Amino acid sequence: MAATNYLQSEDRFLCSICLDLFTDPVAIPCGHNFCKNCITEHWDRSDRCQCPMCKKEFNTRPELHVNTFISEMVAEFRQSAQQKASSSSSSSEQQVFKPGEVPCDVCTETKLKALKSCLVCLTSYCETHLEPHLTASSLKRHQLIDPVENLEDRMCTKHDKPLELFCKTDQTCVCMLCHVSDHKMHDVVPLKEGYEGEKAELETETQQMIQKRQLKIEEIKHSVDLSKKEADREVAEGVQVFTALKESVERGQANLINTIKEKQKTTENQAENFIKELEQEISELKKRSSEVEQVTHSEDHLHLLQRFMSLKVASPTKDWTEVSIHSSHEGTVVRAVVQLEETFSEEMKKLLEAELKRVQKYAVDVTLDPDTAHPNIILSGVGKRVSDSDVKKNLPNNPERFSDCLCVLGKQSFSSGRFYFEVQVTEKTMWNLGVARESINRKGGIKLGPQWGNWTIWLRNGNEYKALDDPPVLLSLKSQPQKVGVFVSYSEGLVSFYDVDAAALIYSFTGCSFTEKLYPFFGPGHNDDGKNSAPLIISPVRVN
(Lines give C-alpha, C1' and ligand atoms only; values in the text may rest on other atoms or scores of the structure.)
Protein backbone atom coordinates (compact mmCIF):
# COMPACT_ATOMS: atom_id res chain seq x y z
CA MET A 1 0.00 0.00 0.00
CA ALA A 2 1.40 3.41 -0.95
CA ALA A 3 2.29 5.82 1.87
CA THR A 4 -0.30 8.35 0.75
CA ASN A 5 -3.09 5.77 0.56
CA TYR A 6 -1.87 4.37 3.88
CA LEU A 7 -2.19 7.70 5.63
CA GLN A 8 -5.50 8.56 3.94
CA SER A 9 -7.00 5.21 4.92
CA GLU A 10 -6.06 5.82 8.54
CA ASP A 11 -8.76 8.54 8.88
CA ARG A 12 -11.43 5.95 8.18
CA PHE A 13 -10.38 3.85 11.17
CA LEU A 14 -10.39 6.62 13.78
CA CYS A 15 -13.17 6.92 16.37
CA SER A 16 -14.56 10.47 16.34
CA ILE A 17 -14.95 10.37 20.14
CA CYS A 18 -11.51 9.19 21.32
CA LEU A 19 -9.74 10.17 18.05
CA ASP A 20 -7.82 6.89 18.17
CA LEU A 21 -8.02 3.66 16.15
CA PHE A 22 -11.24 1.77 16.68
CA THR A 23 -11.44 -0.68 19.56
CA ASP A 24 -14.42 -3.03 19.23
CA PRO A 25 -16.04 -0.82 16.54
CA VAL A 26 -19.85 -0.72 16.45
CA ALA A 27 -22.26 0.86 13.95
CA ILE A 28 -25.38 2.69 15.13
CA PRO A 29 -28.61 3.02 13.04
CA CYS A 30 -27.57 6.28 11.40
CA GLY A 31 -24.50 4.53 9.91
CA HIS A 32 -21.69 6.11 11.93
CA ASN A 33 -19.09 3.95 13.66
CA PHE A 34 -17.56 4.35 17.14
CA CYS A 35 -15.65 2.36 19.71
CA LYS A 36 -18.14 0.37 21.72
CA ASN A 37 -16.94 1.80 25.06
CA CYS A 38 -16.78 5.35 23.70
CA ILE A 39 -20.40 5.47 22.45
CA THR A 40 -21.65 3.64 25.57
CA GLU A 41 -19.95 6.12 27.95
CA HIS A 42 -21.12 9.02 25.80
CA TRP A 43 -24.75 7.94 26.09
CA ASP A 44 -24.28 7.23 29.84
CA ARG A 45 -23.19 10.84 30.38
CA SER A 46 -25.86 12.40 28.16
CA ASP A 47 -29.53 13.01 28.82
CA ARG A 48 -30.32 12.12 25.20
CA CYS A 49 -29.56 9.10 23.05
CA GLN A 50 -28.22 10.67 19.85
CA CYS A 51 -25.37 10.29 17.39
CA PRO A 52 -22.33 12.47 18.32
CA MET A 53 -21.70 13.08 14.58
CA CYS A 54 -25.08 13.81 12.93
CA LYS A 55 -27.03 14.44 16.16
CA LYS A 56 -29.80 11.98 15.08
CA GLU A 57 -31.87 11.03 18.13
CA PHE A 58 -33.12 7.52 18.94
CA ASN A 59 -36.17 6.86 21.06
CA THR A 60 -34.55 3.83 22.60
CA ARG A 61 -30.87 3.07 22.99
CA PRO A 62 -29.80 0.85 20.03
CA GLU A 63 -28.43 -2.57 20.75
CA LEU A 64 -24.73 -2.53 19.92
CA HIS A 65 -22.85 -5.27 18.09
CA VAL A 66 -19.21 -5.27 17.08
CA ASN A 67 -18.77 -4.64 13.34
CA THR A 68 -16.49 -7.57 12.48
CA PHE A 69 -15.61 -6.17 9.05
CA ILE A 70 -14.35 -2.87 10.38
CA SER A 71 -12.67 -4.65 13.30
CA GLU A 72 -10.71 -6.84 10.86
CA MET A 73 -9.79 -3.83 8.74
CA VAL A 74 -8.46 -2.01 11.83
CA ALA A 75 -6.44 -5.08 12.79
CA GLU A 76 -4.90 -5.22 9.29
CA PHE A 77 -4.20 -1.49 9.45
CA ARG A 78 -2.45 -1.83 12.81
CA GLN A 79 -0.30 -4.70 11.50
CA SER A 80 0.60 -2.75 8.37
CA ALA A 81 1.44 0.36 10.44
CA GLN A 82 3.70 -1.62 12.75
CA GLN A 83 5.52 -3.21 9.76
CA LYS A 84 5.99 0.20 8.16
CA ALA A 85 7.23 1.71 11.44
CA SER A 86 9.61 -1.20 11.92
CA SER A 87 10.92 -0.89 8.36
CA SER A 88 11.30 2.87 8.67
CA SER A 89 13.08 2.53 12.01
CA SER A 90 15.62 0.07 10.64
CA SER A 91 16.32 2.09 7.50
CA SER A 92 16.81 5.52 9.15
CA GLU A 93 19.40 6.67 11.59
CA GLN A 94 17.50 7.99 14.64
CA GLN A 95 18.83 8.73 18.08
CA VAL A 96 18.53 5.92 20.60
CA PHE A 97 16.97 6.86 23.92
CA LYS A 98 19.58 7.70 26.60
CA PRO A 99 19.18 8.09 30.40
CA GLY A 100 17.71 11.49 31.20
CA GLU A 101 15.82 11.65 27.88
CA VAL A 102 12.15 10.85 27.15
CA PRO A 103 11.72 7.53 25.26
CA CYS A 104 9.17 6.83 22.52
CA ASP A 105 6.21 4.96 24.02
CA VAL A 106 5.42 3.14 20.72
CA CYS A 107 8.84 1.57 20.03
CA THR A 108 8.77 -2.06 21.13
CA GLU A 109 12.37 -3.18 20.80
CA THR A 110 15.01 -0.47 20.71
CA LYS A 111 13.59 2.60 22.39
CA LEU A 112 14.27 5.74 20.36
CA LYS A 113 14.36 9.29 21.67
CA ALA A 114 10.95 10.98 21.61
CA LEU A 115 10.62 14.19 19.63
CA LYS A 116 7.15 15.17 20.83
CA SER A 117 4.53 14.21 23.38
CA CYS A 118 0.81 14.30 22.55
CA LEU A 119 -1.44 15.71 25.27
CA VAL A 120 -4.46 14.05 23.69
CA CYS A 121 -3.02 10.58 23.20
CA LEU A 122 -0.87 10.92 26.33
CA THR A 123 1.92 9.28 24.35
CA SER A 124 5.44 10.30 23.44
CA TYR A 125 6.59 9.67 19.83
CA CYS A 126 9.89 9.31 18.05
CA GLU A 127 10.30 10.76 14.55
CA THR A 128 8.77 7.74 12.81
CA HIS A 129 5.79 7.28 15.08
CA LEU A 130 5.15 11.02 15.13
CA GLU A 131 4.49 11.13 11.36
CA PRO A 132 0.72 10.39 11.53
CA HIS A 133 0.25 13.38 13.86
CA LEU A 134 1.92 15.61 11.31
CA THR A 135 -0.01 14.41 8.25
CA ALA A 136 -3.37 12.90 9.27
CA SER A 137 -6.04 15.62 9.38
CA SER A 138 -7.79 14.14 12.41
CA LEU A 139 -4.53 13.90 14.36
CA LYS A 140 -3.33 17.36 13.42
CA ARG A 141 -5.82 18.72 15.89
CA HIS A 142 -3.95 17.04 18.75
CA GLN A 143 -1.75 19.20 20.95
CA LEU A 144 1.94 18.38 20.66
CA ILE A 145 4.55 19.59 23.13
CA ASP A 146 8.23 18.97 23.77
CA PRO A 147 8.67 15.45 25.14
CA VAL A 148 7.78 15.03 28.81
CA GLU A 149 7.74 12.06 31.15
CA ASN A 150 4.91 10.76 33.34
CA LEU A 151 2.11 11.52 30.91
CA GLU A 152 -0.05 9.25 33.06
CA ASP A 153 -0.16 12.11 35.54
CA ARG A 154 -2.32 13.88 32.97
CA MET A 155 -4.99 11.19 33.33
CA CYS A 156 -7.83 11.38 35.86
CA THR A 157 -7.08 8.78 38.52
CA LYS A 158 -10.79 8.30 39.15
CA HIS A 159 -12.11 7.93 35.58
CA ASP A 160 -8.93 7.16 33.65
CA LYS A 161 -9.73 9.98 31.21
CA PRO A 162 -7.53 12.89 30.06
CA LEU A 163 -7.49 15.96 32.31
CA GLU A 164 -8.90 18.33 29.72
CA LEU A 165 -10.69 20.85 31.93
CA PHE A 166 -9.88 23.21 34.80
CA CYS A 167 -12.28 23.68 37.70
CA LYS A 168 -11.93 27.29 38.82
CA THR A 169 -14.13 26.61 41.84
CA ASP A 170 -11.85 23.93 43.30
CA GLN A 171 -8.68 25.13 41.52
CA THR A 172 -7.92 21.68 40.07
CA CYS A 173 -7.70 19.92 36.71
CA VAL A 174 -10.55 17.51 35.91
CA CYS A 175 -11.72 15.19 33.12
CA MET A 176 -15.02 15.25 31.22
CA LEU A 177 -16.62 12.72 33.58
CA CYS A 178 -15.55 14.78 36.62
CA HIS A 179 -17.31 17.74 35.03
CA VAL A 180 -20.65 15.94 34.81
CA SER A 181 -20.35 14.30 38.23
CA ASP A 182 -18.36 15.83 41.12
CA HIS A 183 -17.95 19.27 39.48
CA LYS A 184 -21.30 19.52 37.73
CA MET A 185 -22.30 22.87 39.27
CA HIS A 186 -18.78 24.32 39.34
CA ASP A 187 -17.16 26.91 37.09
CA VAL A 188 -15.27 24.63 34.67
CA VAL A 189 -13.33 25.86 31.62
CA PRO A 190 -10.97 24.29 29.06
CA LEU A 191 -7.36 23.86 30.17
CA LYS A 192 -6.11 26.59 27.85
CA GLU A 193 -8.63 29.10 29.14
CA GLY A 194 -7.89 28.05 32.71
CA TYR A 195 -4.16 28.37 32.09
CA GLU A 196 -4.53 31.81 30.56
CA GLY A 197 -6.77 32.96 33.42
CA GLU A 198 -4.46 31.59 36.11
CA LYS A 199 -1.44 32.98 34.28
CA ALA A 200 -3.02 36.45 34.10
CA GLU A 201 -4.04 36.27 37.74
CA LEU A 202 -0.58 35.07 38.78
CA GLU A 203 1.11 37.76 36.72
CA THR A 204 -1.17 40.41 38.25
CA GLU A 205 -0.59 39.05 41.74
CA THR A 206 3.16 38.85 41.11
CA GLN A 207 3.25 42.41 39.83
CA GLN A 208 1.30 43.58 42.86
CA MET A 209 3.72 41.73 45.13
CA ILE A 210 6.65 43.30 43.29
CA GLN A 211 5.09 46.76 43.61
CA LYS A 212 4.45 46.23 47.32
CA ARG A 213 8.04 45.17 47.84
CA GLN A 214 9.32 48.07 45.79
CA LEU A 215 7.21 50.39 47.93
CA LYS A 216 8.58 48.66 51.01
CA ILE A 217 12.11 49.24 49.71
CA GLU A 218 11.31 52.93 49.24
CA GLU A 219 9.77 52.99 52.70
CA ILE A 220 12.86 51.38 54.21
CA LYS A 221 15.15 53.77 52.32
CA HIS A 222 13.06 56.68 53.53
CA SER A 223 13.24 55.32 57.08
CA VAL A 224 17.02 55.02 56.74
CA ASP A 225 17.21 58.63 55.50
CA LEU A 226 15.09 59.77 58.44
CA SER A 227 17.19 57.68 60.79
CA LYS A 228 20.38 59.20 59.37
CA LYS A 229 19.00 62.71 59.80
CA GLU A 230 17.98 61.86 63.34
CA ALA A 231 21.40 60.33 63.98
CA ASP A 232 23.14 63.42 62.58
CA ARG A 233 20.95 65.62 64.75
CA GLU A 234 21.68 63.45 67.79
CA VAL A 235 25.42 63.61 67.05
CA ALA A 236 25.31 67.38 66.60
CA GLU A 237 23.30 67.79 69.77
CA GLY A 238 25.58 65.41 71.65
CA VAL A 239 28.71 67.17 70.43
CA GLN A 240 27.20 70.51 71.45
CA VAL A 241 26.32 69.23 74.91
CA PHE A 242 29.63 67.48 75.50
CA THR A 243 31.53 70.48 74.18
CA ALA A 244 29.66 72.67 76.64
CA LEU A 245 30.33 70.21 79.44
CA LYS A 246 33.97 69.92 78.45
CA GLU A 247 34.33 73.70 78.37
CA SER A 248 32.55 73.89 81.70
CA VAL A 249 34.93 71.29 83.18
CA GLU A 250 37.97 73.07 81.78
CA ARG A 251 36.64 76.40 83.00
CA GLY A 252 35.91 74.93 86.41
CA GLN A 253 39.35 73.38 86.55
CA ALA A 254 41.02 76.68 85.63
CA ASN A 255 38.93 78.55 88.20
CA LEU A 256 39.78 75.93 90.82
CA ILE A 257 43.51 76.22 90.15
CA ASN A 258 43.39 80.04 90.15
CA THR A 259 41.38 80.11 93.38
CA ILE A 260 43.80 77.76 95.12
CA LYS A 261 46.80 79.72 93.85
CA GLU A 262 45.32 83.03 94.99
CA LYS A 263 44.57 81.62 98.41
CA GLN A 264 48.08 80.21 98.62
CA LYS A 265 49.55 83.57 97.60
CA THR A 266 47.49 85.32 100.25
CA THR A 267 48.72 82.81 102.83
CA GLU A 268 52.35 83.30 101.74
CA ASN A 269 52.03 87.12 101.88
CA GLN A 270 50.55 86.90 105.36
CA ALA A 271 53.36 84.61 106.51
CA GLU A 272 55.96 86.92 104.95
CA ASN A 273 54.56 89.95 106.84
CA PHE A 274 54.54 87.98 110.09
CA ILE A 275 58.14 86.92 109.52
CA LYS A 276 59.25 90.51 108.80
CA GLU A 277 57.53 91.77 111.95
CA LEU A 278 59.06 89.01 114.03
CA GLU A 279 62.52 89.65 112.62
CA GLN A 280 62.13 93.35 113.45
CA GLU A 281 61.17 92.51 117.01
CA ILE A 282 64.09 90.10 117.29
CA SER A 283 66.43 92.90 116.15
CA GLU A 284 65.00 95.25 118.79
CA LEU A 285 65.31 92.59 121.46
CA LYS A 286 68.93 91.93 120.51
CA LYS A 287 69.62 95.67 120.77
CA ARG A 288 68.04 95.80 124.25
CA SER A 289 70.03 92.74 125.30
CA SER A 290 73.23 94.60 124.34
CA GLU A 291 72.19 97.64 126.36
CA VAL A 292 71.43 95.46 129.37
CA GLU A 293 74.86 93.92 129.08
CA GLN A 294 76.46 97.35 129.13
CA VAL A 295 74.44 98.54 132.15
CA THR A 296 75.33 95.50 134.22
CA HIS A 297 78.98 96.63 134.39
CA SER A 298 78.06 99.69 136.51
CA GLU A 299 78.01 99.63 140.33
CA ASP A 300 75.48 102.46 140.61
CA HIS A 301 72.42 100.45 141.64
CA LEU A 302 70.05 103.39 141.45
CA HIS A 303 71.10 104.11 137.94
CA LEU A 304 70.83 100.43 137.07
CA LEU A 305 67.28 100.15 138.35
CA GLN A 306 66.17 103.29 136.56
CA ARG A 307 67.75 102.01 133.33
CA PHE A 308 66.10 98.59 133.64
CA MET A 309 62.71 100.22 134.05
CA SER A 310 63.16 102.25 130.85
CA LEU A 311 64.28 99.13 128.94
CA LYS A 312 61.18 97.23 130.09
CA VAL A 313 58.90 99.98 128.84
CA ALA A 314 60.59 99.99 125.40
CA SER A 315 60.35 96.18 124.93
CA PRO A 316 57.94 94.65 122.27
CA THR A 317 54.48 93.99 123.70
CA LYS A 318 52.77 91.92 120.94
CA ASP A 319 51.58 88.46 122.00
CA TRP A 320 52.45 85.93 119.27
CA THR A 321 50.96 82.96 121.10
CA GLU A 322 47.70 82.81 119.10
CA VAL A 323 49.23 83.83 115.81
CA SER A 324 49.45 81.00 113.22
CA ILE A 325 49.19 80.31 109.50
CA HIS A 326 46.31 78.05 108.38
CA SER A 327 45.61 76.48 104.95
CA SER A 328 42.48 77.98 103.31
CA HIS A 329 42.07 75.34 100.58
CA GLU A 330 39.60 73.06 102.39
CA GLY A 331 36.31 72.65 100.49
CA THR A 332 37.53 74.42 97.37
CA VAL A 333 37.47 71.28 95.23
CA VAL A 334 34.14 70.19 96.67
CA ARG A 335 32.56 73.55 95.90
CA ALA A 336 33.97 73.44 92.36
CA VAL A 337 32.57 69.94 91.78
CA VAL A 338 29.18 70.98 93.20
CA GLN A 339 29.14 73.89 90.77
CA LEU A 340 30.06 71.48 87.97
CA GLU A 341 27.29 69.14 89.04
CA GLU A 342 24.80 71.98 88.84
CA THR A 343 25.99 72.71 85.31
CA PHE A 344 25.64 69.04 84.42
CA SER A 345 22.12 69.01 85.86
CA GLU A 346 21.15 72.03 83.78
CA GLU A 347 22.48 70.40 80.60
CA MET A 348 20.79 67.10 81.49
CA LYS A 349 17.49 68.89 82.00
CA LYS A 350 17.82 70.47 78.54
CA LEU A 351 18.52 67.04 77.02
CA LEU A 352 15.58 65.42 78.79
CA GLU A 353 13.24 68.22 77.73
CA ALA A 354 14.32 67.70 74.11
CA GLU A 355 13.97 63.92 74.43
CA LEU A 356 10.50 64.22 75.93
CA LYS A 357 9.42 66.44 73.05
CA ARG A 358 10.68 63.84 70.57
CA VAL A 359 8.89 60.87 72.18
CA GLN A 360 5.67 62.90 72.52
CA LYS A 361 5.54 62.93 68.71
CA TYR A 362 4.60 59.24 68.92
CA ALA A 363 1.50 59.92 71.04
CA VAL A 364 -1.42 57.51 70.50
CA ASP A 365 -5.03 57.68 71.62
CA VAL A 366 -5.46 55.01 74.30
CA THR A 367 -8.82 53.95 75.72
CA LEU A 368 -9.51 51.37 78.41
CA ASP A 369 -10.92 47.96 77.48
CA PRO A 370 -13.90 47.07 79.72
CA ASP A 371 -13.68 43.39 78.69
CA THR A 372 -10.33 43.14 80.52
CA ALA A 373 -11.23 45.17 83.65
CA HIS A 374 -11.26 43.47 87.08
CA PRO A 375 -14.86 43.35 88.48
CA ASN A 376 -13.96 45.88 91.24
CA ILE A 377 -12.78 48.47 88.73
CA ILE A 378 -14.81 51.51 87.66
CA LEU A 379 -14.24 52.89 84.16
CA SER A 380 -15.48 56.36 83.26
CA GLY A 381 -14.72 59.39 81.14
CA VAL A 382 -15.37 57.54 77.86
CA GLY A 383 -12.80 54.90 78.78
CA LYS A 384 -10.18 57.40 80.01
CA ARG A 385 -10.49 57.06 83.83
CA VAL A 386 -10.00 54.03 86.06
CA SER A 387 -10.38 53.63 89.85
CA ASP A 388 -11.21 50.98 92.45
CA SER A 389 -14.76 50.81 93.83
CA ASP A 390 -14.14 48.26 96.64
CA VAL A 391 -17.34 46.58 95.37
CA LYS A 392 -17.21 43.54 93.11
CA LYS A 393 -19.61 43.79 90.18
CA ASN A 394 -21.32 40.78 88.61
CA LEU A 395 -19.59 40.67 85.20
CA PRO A 396 -19.09 37.85 82.67
CA ASN A 397 -15.91 35.93 83.42
CA ASN A 398 -14.67 36.10 79.85
CA PRO A 399 -11.12 34.88 79.03
CA GLU A 400 -9.79 38.44 78.62
CA ARG A 401 -10.88 39.66 82.08
CA PHE A 402 -8.47 39.84 85.03
CA SER A 403 -9.98 37.82 87.85
CA ASP A 404 -7.63 38.61 90.76
CA CYS A 405 -5.31 41.45 89.72
CA LEU A 406 -6.88 44.91 90.14
CA CYS A 407 -5.96 46.14 86.66
CA VAL A 408 -7.18 46.79 83.12
CA LEU A 409 -5.60 46.89 79.65
CA GLY A 410 -5.96 49.42 76.86
CA LYS A 411 -8.01 48.48 73.81
CA GLN A 412 -5.18 49.34 71.45
CA SER A 413 -2.38 46.85 70.77
CA PHE A 414 1.04 47.46 69.23
CA SER A 415 3.36 44.98 67.53
CA SER A 416 5.81 47.35 65.81
CA GLY A 417 7.04 50.93 65.72
CA ARG A 418 6.87 53.38 68.64
CA PHE A 419 4.04 54.69 70.81
CA TYR A 420 3.60 57.05 73.75
CA PHE A 421 0.80 57.93 76.19
CA GLU A 422 0.45 59.98 79.39
CA VAL A 423 -1.40 59.19 82.62
CA GLN A 424 -2.32 61.64 85.39
CA VAL A 425 -1.55 60.17 88.84
CA THR A 426 -2.40 63.22 91.00
CA GLU A 427 -3.57 62.53 94.60
CA LYS A 428 -2.80 58.82 94.25
CA THR A 429 -1.02 56.88 97.00
CA MET A 430 -0.81 53.65 95.01
CA TRP A 431 -0.69 52.74 91.29
CA ASN A 432 0.89 50.53 88.61
CA LEU A 433 1.66 51.67 85.06
CA GLY A 434 3.34 50.21 82.00
CA VAL A 435 2.76 47.73 79.20
CA ALA A 436 2.02 44.00 79.08
CA ARG A 437 2.15 41.35 76.37
CA GLU A 438 -1.06 39.80 75.07
CA SER A 439 -0.46 36.43 76.79
CA ILE A 440 -0.21 37.92 80.29
CA ASN A 441 -1.99 35.71 82.82
CA ARG A 442 -5.56 36.97 83.27
CA LYS A 443 -6.71 34.48 85.90
CA GLY A 444 -5.33 34.16 89.42
CA GLY A 445 -2.44 36.13 90.89
CA ILE A 446 -0.08 38.03 88.61
CA LYS A 447 3.65 38.46 89.07
CA LEU A 448 5.08 41.73 87.82
CA GLY A 449 8.34 41.78 85.90
CA PRO A 450 9.78 41.33 82.37
CA GLN A 451 10.16 37.57 82.97
CA TRP A 452 6.35 37.40 83.26
CA GLY A 453 5.63 39.53 80.22
CA ASN A 454 5.07 42.98 81.72
CA TRP A 455 7.17 46.12 82.09
CA THR A 456 5.83 48.41 84.84
CA ILE A 457 6.65 50.85 87.63
CA TRP A 458 4.61 51.36 90.77
CA LEU A 459 3.93 53.70 93.69
CA ARG A 460 3.26 52.39 97.21
CA ASN A 461 2.57 54.17 100.51
CA GLY A 462 2.41 57.55 98.80
CA ASN A 463 6.18 57.98 98.25
CA GLU A 464 7.80 54.61 97.53
CA TYR A 465 8.57 54.22 93.82
CA LYS A 466 9.92 51.03 92.30
CA ALA A 467 10.67 49.73 88.79
CA LEU A 468 9.49 46.10 88.56
CA ASP A 469 12.59 44.96 86.68
CA ASP A 470 14.54 41.75 87.16
CA PRO A 471 15.62 42.36 89.91
CA PRO A 472 13.31 45.23 91.07
CA VAL A 473 14.92 48.68 91.37
CA LEU A 474 14.03 51.14 94.15
CA LEU A 475 13.71 54.61 92.61
CA SER A 476 14.87 57.82 94.25
CA LEU A 477 12.97 60.72 92.66
CA LYS A 478 13.60 64.43 93.31
CA SER A 479 9.88 65.13 93.13
CA GLN A 480 6.65 63.14 93.05
CA PRO A 481 5.34 62.87 89.46
CA GLN A 482 1.85 64.22 88.85
CA LYS A 483 1.74 62.99 85.25
CA VAL A 484 3.66 59.95 83.96
CA GLY A 485 4.59 59.47 80.30
CA VAL A 486 5.09 55.93 78.94
CA PHE A 487 7.15 55.45 75.76
CA VAL A 488 7.77 52.15 73.94
CA SER A 489 10.06 51.42 70.99
CA TYR A 490 9.11 47.89 69.90
CA SER A 491 12.10 47.26 67.64
CA GLU A 492 14.63 48.69 70.13
CA GLY A 493 13.20 46.71 73.04
CA LEU A 494 12.82 49.92 75.08
CA VAL A 495 10.20 50.99 77.66
CA SER A 496 10.78 54.42 79.29
CA PHE A 497 8.84 56.32 81.95
CA TYR A 498 8.95 60.12 82.31
CA ASP A 499 7.89 62.71 84.86
CA VAL A 500 6.13 64.92 82.31
CA ASP A 501 5.95 68.14 84.35
CA ALA A 502 9.58 67.94 85.51
CA ALA A 503 10.76 66.67 82.09
CA ALA A 504 12.73 64.00 83.97
CA LEU A 505 13.43 60.36 83.16
CA ILE A 506 12.03 58.07 85.85
CA TYR A 507 13.29 54.70 84.56
CA SER A 508 14.02 52.76 81.35
CA PHE A 509 13.72 49.04 80.65
CA THR A 510 16.33 48.27 77.98
CA GLY A 511 17.19 45.16 75.97
CA CYS A 512 13.60 43.91 76.16
CA SER A 513 12.53 41.05 73.88
CA PHE A 514 9.08 41.69 72.39
CA THR A 515 7.52 38.82 70.44
CA GLU A 516 3.79 39.50 70.96
CA LYS A 517 1.34 42.36 70.82
CA LEU A 518 1.81 44.90 73.64
CA TYR A 519 -1.08 46.55 75.50
CA PRO A 520 -1.04 49.60 77.83
CA PHE A 521 -1.36 48.33 81.43
CA PHE A 522 -3.15 50.26 84.23
CA GLY A 523 -3.46 49.38 87.93
CA PRO A 524 -5.27 52.03 90.01
CA GLY A 525 -4.53 50.32 93.35
CA HIS A 526 -7.01 49.61 96.13
CA ASN A 527 -9.37 52.36 97.28
CA ASP A 528 -7.86 52.11 100.80
CA ASP A 529 -10.92 53.58 102.59
CA GLY A 530 -10.94 56.58 100.26
CA LYS A 531 -7.23 57.44 100.67
CA ASN A 532 -6.57 56.24 97.14
CA SER A 533 -9.93 56.99 95.55
CA ALA A 534 -8.54 59.36 92.90
CA PRO A 535 -8.61 57.81 89.40
CA LEU A 536 -5.80 57.20 86.96
CA ILE A 537 -6.61 59.48 84.01
CA ILE A 538 -5.36 58.99 80.46
CA SER A 539 -4.49 62.55 79.45
CA PRO A 540 -4.23 64.12 76.02
CA VAL A 541 -0.59 64.70 75.14
CA ARG A 542 0.50 68.33 74.98
CA VAL A 543 4.10 69.01 73.95
CA ASN A 544 5.91 71.05 76.59
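Predicted model only: the values in this text are computed from it and were never measured.

Conventions we followed
- Residues numbered from 1 in each chain as written.
- Predicted model: local features only at pLDDT ≥ 70, side-chain atom pairs only at ≥ 80, totals over all residues.
- Heavy atoms only, no water.
- Phe/Tyr/Trp six-rings, centres within 6.5 Å; stacked < 30°, edge-to-face > 60°.
- Helix = DSSP H or I, 4+ residues; strand = E, 2+ residues; numbered from the N terminus.
- Buried < 20%, exposed > 50% of the residue type's maximum accessible area, 1.4 Å probe, protein only.
- Lys NZ or Arg CZ within 6 Å of the ring centre and 35° of its normal.
- Arc of directions from axis to C-beta.
- Contact = heavy atoms within 4.5 Å.
- Disulfide = S-S within 2.5 Å.
- Pairing = 2+ DSSP bridges.
- Axes fitted to C-alpha atoms, helices over the stretch in contact; angles between N-to-C directions.
- Salt bridge = Lys/Arg side-chain N within 4 Å of Asp/Glu carboxyl O.

Asks: Tell me about the packing of aromatic side chains, and please be specific about residues and values.
Replies: For the structure shown, the criterion picks out 11 aromatic pairs. Taking the centre distance of 6.0 Å and the plane angle of 45° together, the rings of Tyr362 and Phe487 count as tilted. On the criterion of sequence distance, the pair formed by Tyr362 in the loop between α8 (332-360) and β9 (377-380) and Phe487 in strand β17 (residues 483-489) is long-range, its members being 125 residues apart. A residue is classified by how much of its surface remains accessible, and Phe487, at 5% relative accessible area, is buried. Centre to centre, the rings of Tyr507 and Phe509 are 5.1 Å apart; their planes meet at 80°, and the pair counts as edge-to-face. Take Tyr507: its relative accessible area is 16%, and that puts it in the buried class. An aromatic cluster of three or more residues is present, and its members are Trp455, Tyr490 and Phe514. Over the aromatic face of Trp458 sits the side chain of Arg460, whose NZ or CZ is 3.9 Å from the ring centroid.

Asks: Can you break down helix α2 (residues 36-45) residue by residue, with the values?
Replies: Each α-helix turn comprises 3.6 residues. Residues three or four places apart therefore point the same way. For α2, the set of buried residues is Cys38, Ile39 and Trp43. Projected down its long axis, α2 carries its buried residues within an arc of 125°, all on one side. Across from the buried face of α2, at angles greater than 90 degrees, the exposed residues are Asn37 and Asp44. For α2, the secondary structure elements touched by its buried residues are β1 (25-27) and β2 (33-35).

Asks: Break down the state of the cysteines for me, with residues and values.
Replies: Counted under the stated rule, the structure contains 0 disulfides. With no disulfide of its own, Cys35 lies closest to Cys15 among cysteine sulfurs, the gap being 3.9 Å. Given a relative accessible area of 4%, Cys35 falls into the buried group. Cys126 takes part in no disulfide bond, and the closest cysteine sulfur to it belongs to Cys104, at a distance of 3.7 Å. Residue classification places Cys126 among the buried positions, given a relative accessible area of 1%.

Asks: For the pairing of β9, give the residues involved together with the corresponding values.
Replies: As paired elements, β9 and strand β10 (residues 385-388) share 4 bridges and run antiparallel to each other. The residue bridging Ser380 from the neighbouring strand is Arg385, located in β10. The hairpin formed by β9 and β10 contains 4 residues between the paired strands, and Gly381 there has a positive phi angle of roughly 60°.

Asks: Can you lay out the sheet that holds strand β8 (residues 188-190) for me, pointing to particular residues and giving the numbers?
Replies: If you walk across this open sheet you meet the 3 strands as β7-β6-β8, and the pairing is antiparallel. One side of each edge strand has no neighbouring strand; the edge strands of this open sheet are β7 (172-174) and β8. Sheet twist, expressed as the average angle between the axes of neighbouring strands with direction ignored, equals 35°. In this sheet, β7 lies alongside strand β6 (residues 165-167) in antiparallel orientation, the contact comprising 3 bridges.

Asks: Provide a residue-level description of the pattern of salt bridges, including the pertinent values.
Replies: Counted by the stated rule, this structure contains 17 salt bridges. The salt bridge involving Lys158 is made with Asp182; its shortest N-O contact spans 2.8 Å. One end of the pair, Lys158, is in the loop between β5 (144-145) and β6; the other, Asp182, is in the loop between α5 (176-180) and β8, with 24 residues separating them in the sequence. Assessed through its relative accessible area of 55%, Lys158 is described here as exposed.

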